[in-house]
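# Residue-level structure breakdown
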Amino acid sequence: MYVGRVPGFTCVGTAHSGAEARRTLERVRVDLLLLDLHLPDVHGLRLARSLRAAGHQADVIAVTSARDLAVVREGVSLGVVQYVLKPFTFGTLRDRLVRYAEFRGAAGEASGQAEVDRAIATLRAPGPADLPKGLSGPTLERVTGALREEAEGLTAARVGETVGISRITARRYLEHLVESGRAVRSPLYGQVGRPELVYRWLPTR
């Protein structure tokens, strides 16, 4: 249900065990696998390893309640591009899927190290250590989600109304997105007084 609500993604199959997943992947082309690590018949990473050995190239987003960093490191070596910890909200999964789509959509030759770093960073969700003091990850996810859904851009006041925060608070989050290269701002003319700023999401090229 969540996947179907994210533009550009289609759920082509579901499986309730590792064996069922293998059978599905033999007959259906899959670009991305949302993989629970605790399956009834096999550990998710063991399944991922066997799929790689069999030549399946689907990327993997692990869905798990496991917080063991050794498991995370092993998953990275097997091609796990993202982790979603249970329990999670639609907004969290949507953010990971959209980031993954931007990463997959990057094409052409990078102009330099900065562009390579930016493409890789697309997969990363902002953590507390990455945020300025006073900003929270969950609120940033909601602000980011609101901005992504409006191709024409939003003002800080409109973002505040959508997310449920003040205009001043919304502007702090929006300015952070601009400073980190994830959004751009431009003045909106045609009104009396100072022009209002409009913020637009900046997709990865």
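For the structure itself, consult the block above.
What you see is a predicted model; the values in this text were computed from it and never measured. (Residues numbered from 1 in each chain as written. Predicted model: local features only at pLDDT ≥ 70, side-chain atom pairs only at ≥ 80, totals over all residues. Heavy atoms only, no water.)

### Re the overall build of the chain
Counting its regular elements, the chain contains eight helices and five strands. In the chain, the order of α-helices and β-strands from amino to carboxyl end is α-β-α-β-α-β-α-α-α-α-α-β-β. Considering the chain as a whole, with its 205 residues, one finds that 40% of them fall into the buried category. Within the chain, residue pairs in contact and separated by at least 24 positions form 54% of the contacts whose partners lie at least 6 positions apart. Summed over all atoms, the accessible surface of the chain reaches about 12100 Å², with 54% contributed by carbon and sulfur. (Helix = DSSP H or I, 4+ residues; strand = E, 2+ residues; numbered from the N terminus. Buried < 20%, exposed > 50% of the residue type's maximum accessible area, 1.4 Å probe, protein only. Contact = heavy atoms within 4.5 Å. Areas by Shrake-Rupley, 256 points an atom, 1.4 Å probe, with all protein chains shown as cover.)

### Topic: the pattern of salt bridges
All told, the structure shown has twelve salt bridges when counted by the stated rule. Note that R99 is salt-bridged to D95, the shortest N-O span being 2.9 Å. Remark: D95 and R99 occur in helix α4 (residues 90–105); sequence separation between them is four residues, near one turn of the helix. Judged on exposure class, the residue R99 and its partner D95 are both buried. Salt bridges here are not isolated pairs; linked through shared partners, they connect D95, R96, R99, E102, E141, R148 and R182. (Salt bridge = Lys/Arg side-chain N within 4 Å of Asp/Glu carboxyl O.)

### Overview of the packing of helix α6 (residues 137–148) against helix α8 (residues 167–179)
Contact geometry for α6 and α8: axes closest at 10 Å, N-to-C directions at 75°. Between α6 and α8, the angle is such that the two are roughly perpendicular. Across the interface between the two elements, T139, L140, V143, T144 and L147 of α6 pack against Y173, L174, H176 and L177 of α8. (Axes fitted to C-alpha atoms, helices over the stretch in contact; angles between N-to-C directions. Parallel < 35°, antiparallel > 145°, perpendicular 65-115°, else oblique.)

### Points about helix α7 (residues 156–163)
An α-helix turns once every 3.6 residues. As a result, residues three or four positions apart point the same way. Buried within α7 we find A156, V159, G160 and V163. Down the axis of α7, the sector holding all buried residues measures 100°, keeping them to one side. Buried-residue contacts for α7 involve α6, α8 and β5 (196–201). Positive backbone phi, approximately 95°, marks G164, located one or two places after α7. (Arc of directions from axis to C-beta.)

### Side note on the environment of H56
Positionally, H56 belongs in the loop between α2 (44–53) and β2 (59–64). The exposure class assigned to H56 is buried, which follows from its relative accessible area of 17%. With 30 residues separating them in the primary sequence, H56 and E26 have C-alpha atoms 9.0 Å apart. If we ignore the near neighbours within four places in the chain, the residues touching H56 are L25, E26 and L51. A polar contact is formed between the side chain of H56 and the side chain of E26, at a distance of 3.3 Å. (Polar contact = N/O pair within 3.5 Å; in protein donor to acceptor, adjacent residues only side chain to side chain.)

### Regarding the layout of surface pockets
By volume, the largest pocket amounts to about 1000 Å³. Contributing to the lining of the largest pocket are 35 residues, with C11, G13, L32, L33 and L34 lying nearest its centre. Among the secondary structure elements, those contributing two or more residues to the lining of the largest pocket are α1 (18–27), β1 (32–36) and α4. When its residues are assigned to classes, the lining of the largest pocket shows 22 nonpolar, nine polar and four charged. One number sums up the size of the second largest pocket: a volume of about 380 Å³. Along the wall of the second largest pocket there are 21 residues; nearest its centre are V98, E102, R148, E149 and W201. Counting residues per element, the ones that place at least two in the lining of the second largest pocket are α4, α6 and β5. Among the elements that line the lining of the second largest pocket, the one with the most residues is α4, at seven residues. Considered class by class, the residues forming the lining of the second largest pocket number ten nonpolar, two polar and nine charged. (1 Å grid on protein atoms, 1.4 Å probe; cavity = no way out; pocket = protein on both sides within 12 Å on 5 of 7 lines; lining within 4 Å. Points joined across faces, edges and corners; volume = space filled by probe spheres on them. Nonpolar A, V, L, I, M, F, W, Y, C, P; charged D, E, K, R; others polar.)

### A short note on empty space enclosed by the protein
It is the rolling of a water-molecule-sized probe over the atoms that shows where space remains empty. Going through the model one piece at a time under the given rule, you end up with one cavity of 30 Å³ or more. By volume, the largest cavity is sized at about 50 Å³. The wall of the largest cavity is formed by L25, L33, A48, L51, R52, H56, A58 and V60. Ranked by residue count, the leading element in the lining of the largest cavity is α2, at three residues.

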